[in-house]
Amino acid sequence: MKRVLALGPRFRGENGGLELPIDAGHSLSMSLAAEAAAPSPPPHAAADWTIDQSWDAYTAAEHQTWTTLYERQRQLLPGRVCDAFLRGLDVLDLHRGGIPDFARINEELVRLTGWRVVAVPGLVPDAVFFDHLANRRFPAGQFIRRPDQLDYLKEPDIFHDVFGHVPMLTDPVFGDYMAAYGRGGQRALRVRHLHNLARLYWYTVEFGLMETADGLRIYGAGIVSSKAETLFAMDDPSPNRLGFDLERVMRTPYRIDDFQQTYFVIPSLEVLLEATLRDFGPIYDRLEGAKDIPIEAITPSERVFTRGSQAHARSEKQRRAEPAAG
Ligand code: PHE
Ligand code: FE
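Engineer: So, the coordination of the iron ion (ligand 2): which residues are in play, and what are the values?
Structural biologist: Note on the iron ion (ligand 2): its protein donors are H160 (NE2), H165 (NE2) and E206 (OE). The metal-donor distances range over 2.0 to 2.2 Å. Positions of the donor residues of the iron ion (ligand 2), expressed as sequence spacing, correspond to H-x4-H-x40-E. Residue H165 is located in helix 6 (residues 158-165), and its partner E206 is located in helix 8 (residues 194-206); the two are separated by 41 residues in the primary sequence. No difference in accessibility class separates H165 from E206, as the two residues are buried.

Okay, structure coming up:
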């Protein structure tokens, strides 16, 4: 069975997605050595890893892939995604004619929040990614998935990055959050707490839910750009849906190979921004001594929107353990 792989951050976060702290066993000199050996950009990329979008080079089939994905998601989203996302989608007019031209999107985006989209070939080093965010540049993959990959993809492509992330960047509060996150990422790299901060990105920017007067709504790009995870995150009885708590989130590992077992619900973008503008220094200190919280655990006294059955995770685990039946 095909499974939608979670489309994660454009940075390594937790050691390339493995659930290992990236600083396990590293001395400072080792991480400095690793930094010195950081990969240089491919030959056709600039020093900041950006490339031309080369919009004219997309084929008719590639534009069609965008349109197919766009229409499929657009129809699922009303009643499931937050208003800010839908407003952003409308303002940017992302279905105008296949794959959007960044030059055109940027006119509107810069006017609204000062953000712009820049094209990159694929994953970029952490420090490069954070520098872009801190300067209100969102790095987006230039390529689009193949037609046989509509539901299955390991590396974020232009549909995930632009359809999933860019509408929220039209919202001033979310735009401020992402830029602050870029600065926070630079700091987390220095103080070697990126594994904690990556979880915040994962459970907000990629897989976040929001409480609204009309019920829970999606704002995370990893959900919104996936048909299957949109349905799973909103409608399935399997996952936990818990109230957002900053430190709790930073102690919770995540799934990169399957749907999330737990989603965290923010009361509003304003509350998210306010909670994260605090100085994380003392939090990082406390996290040194704190254990991770098991991925499906519900801790006493936290706010529970849904106590998940975890049926999906359990059946997947069993399926993987069993030899394929004929
Ligand atoms: N306030 C955080 C710090 O002191 C930075 C941050 C802001 C991180 C917003 C994430 C999101 O490190
Ligand atoms: Fe993403």
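Having put the structure on the table, let's press on.
Engineer: Lay out the environment of M250 in plain terms, naming residues and giving numbers.
Structural biologist: Here M250 is to be found in helix 11 (residues 246-250). For M250, a relative accessible area of 0% puts it in the buried group. Expressed as a C-alpha distance, the spacing of M250 and L287, which sit 37 residues apart in the sequence, is 8.3 Å. With near-sequence residues (within four places) excluded, M250 lies in contact with N196, L197, R199, L200, F280, I283, Y284 and L287.

Engineer: Which residues make up the site of ligand 1, and what values go with them?
Structural biologist: Every residue lining ligand 1 is accounted for by Y177, A180, Y181, G184, R187, L197, L200, T276, L277, R278, D279 and F280. Contact between ligand 1 and R187: an oxygen atom at 2.6 Å from a side-chain N or O atom of the residue. Within the backbone of R278, a nitrogen or oxygen atom sits 2.5 Å from a nitrogen atom of ligand 1. Contact with the protein chains hides 92% of the accessible area of ligand 1, taken as 330 Å² for the molecule alone. Counting only elements with at least two residues in the shell around ligand 1, the list comes to helix 7 (172-190), helix 8 and helix 12 (269-277). Counting residues per element, the shell around ligand 1 draws most heavily on helix 7, which supplies five residues. Across the shell around ligand 1, the residue classes tally to seven nonpolar, two polar and three charged.

Engineer: Describe the environment of M168, with residues and values.
Structural biologist: The topology assignment puts M168 in the loop between helix 6 and helix 7. Assessed through its relative accessible area of 1%, M168 is described here as buried. The spatial distance from the C-alpha of M168 to the C-alpha of L89 is 8.4 Å, given a sequence separation of 79 residues. When near neighbours in sequence (up to four residues on either side) are disregarded, M168 contacts C82, A84, F85, F174, G175, Y219 and L269.

Each value, and the rule that gives it
- Residues numbered from 1 in each chain as written.
- Chains lettered and ligands numbered in written order.
- Predicted model: local features only at pLDDT ≥ 70, side-chain atom pairs only at ≥ 80, totals over all residues.
- Heavy atoms only, no water.
- Donors = N, O, S within 2.8 Å, 3.2 Å for Na, K, Ca; no water.
- Helix = DSSP H or I, 4+ residues; strand = E, 2+ residues; numbered from the N terminus.
- Buried < 20%, exposed > 50% of the residue type's maximum accessible area, 1.4 Å probe, protein only.
- Contact = heavy atoms within 4.5 Å.
- Near = heavy atom within 4 Å.
- Polar contact = N/O pair within 3.5 Å; in protein donor to acceptor, adjacent residues only side chain to side chain.
- Areas by Shrake-Rupley, 256 points an atom, 1.4 Å probe, with all protein chains shown as cover.
- Nonpolar A, V, L, I, M, F, W, Y, C, P; charged D, E, K, R; others polar.

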